[in-house]
Structures are given as C-alpha cells and as structure tokens.
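So the chains spell out like this:
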Amino acid sequence: MTTDNASTDHAVRRLVVTLPRPYDAACEHFETLVPRADLSRFFQLGSWNATLELAEINAPHGFMHYYRSDVCALMAGSKSLWKATQYLIGNHILAEHAFREDASAALHAQLPALIYADPDGDTKLAVEQPSLLFDSYDSPQIAETGRDFDTRLGHLITLLGGDVPPQL
C-alpha cells in the first residue's frame, strides 16, 4: 500500500512571558514545577495503568521535561551573550489522546520551551501555543488535547509568577 505525501500549513503563536525571578532562579523553579521525566522507569513499566500512575507522580503540575539543553554552552565562543536554557516539555499521557487519532500529532506532544534573560536582564519564558499546533489536524479529539495543553500551560505560567497571556 502506498500513501501520498502531505503538507499542512498552520498558524503558530509564540508566547513570551516575563517571569519575576532572575534567570538562574527561574530555571531552578521551572525544573521544580516541571521535573525531568524518569524515562528509564517509564520504559520498564508493563502496563498503561502503571504508566498513568507514574506520570501523575512525575508531572505534579501537568508537565514534565524530556530534554534540557544549556544553549549558552552550545554557543560558547560565539558573540552571543544571552543566558538561555531550552526544554522539551509535555505529558505523554495527555498526548496519547491525540496520538491515538493521528501518530503525527506526537510531533507536538513535546513542546519546546525556552527560558532566557533578555538584554535588560529580565527573565522570559518563550513557548508556542499548543492549541494552534494541535488544531492543524482538523480533528476535534486532537484539538481537545491542544486546549488541555493550553490550560495546563496557563496554570504553569501562573505557578512561575507570570501573567497568563489572554490567548490561553
């Protein structure tokens, strides 16, 4: 069986939220609220119920991070003076609802998030609005996953001390 290639144009909205803590403290606070996913434990689990239980523990505020990168270390020696840490955040339990409908929805299950200090020293969180990404699949079930991610992202921004953008 062969299938045709496809392409989908879709809207993307980058949200940039000012956080009240200095950069290092903001990263530390973020990692407390969005703990590292314990992938080795997830990979060892034998049932979906066990996965659900571990995810509830591992994502106390709705998200866990799957990846962390010190962008500054990657740019060492360059003329860039930013302080920045990138994360891939998500919740594969929530994303499973979208994945069940279309495997390619997993492309948006882990959202890139960046915490950085701007030139004035203010700390910012930058992330793309999840619902717009999931809306591009033209599926009510997948769109619902995006709205759930939006709600949880708004809650996370509140916990970080930021003002929730009205788009969420």
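Residues numbered from 1 in each chain as written. Predicted model: local features only at pLDDT ≥ 70, side-chain atom pairs only at ≥ 80, totals over all residues. Heavy atoms only, no water.

Draft legend 1. Summary view of the side chain of S131. As for its placement among the helices and strands, S131 is situated in helix α6 (residues 130-135). Exposure remark for S131: the relative accessible area of 7% places this residue in the buried category. Within polar-contact distance, the side chain of S131 engages the side chain of Q129 at 3.2 Å. Apart from residues lying up to four places away in sequence, S131 is in contact with G146, R147 and D150. (Helix = DSSP H or I, 4+ residues; strand = E, 2+ residues; numbered from the N terminus. Buried < 20%, exposed > 50% of the residue type's maximum accessible area, 1.4 Å probe, protein only. Polar contact = N/O pair within 3.5 Å; in protein donor to acceptor, adjacent residues only side chain to side chain. Contact = heavy atoms within 4.5 Å.)

Draft legend 2. Region of interest: the environment of Q44. Mapped onto the fold, Q44 is located in helix α2 (residues 39-44). Through-space distance from the C-alpha of Q44 to that of P60 is 21 Å; in sequence the pair is 16 residues apart.

Draft legend 3. Focus on the packing of aromatic side chains. Under the defined criterion, the tally for this structure stands at four aromatic pairs. When the centroid spacing of 5.8 Å and the interplanar angle of 70 degrees are considered together, the rings of F63 and F149 count as edge-to-face. Remark: F149 occurs in helix α7 (residues 140-159) and F63 occurs in the loop between α3 (48-58) and β2 (64-70); sequence separation between them is 86 residues. Considering the side-chain rings of W82 and Y116, the 5.9 Å spacing of their centres and the 80 degrees angle between planes classify their relative orientation as edge-to-face. Note that W82 is positioned in the loop between α4 (71-74) and β3 (83-90) and Y116 in strand β4 (residues 110-117), a separation of 34 residues in sequence. Using a relative accessible area of 46% as the deciding quantity, one classes W82 as partly exposed. Pairwise contacts between aromatic rings join F63, F134 and F149 into one cluster. (Phe/Tyr/Trp six-rings, centres within 6.5 Å; stacked < 30°, edge-to-face > 60°.)

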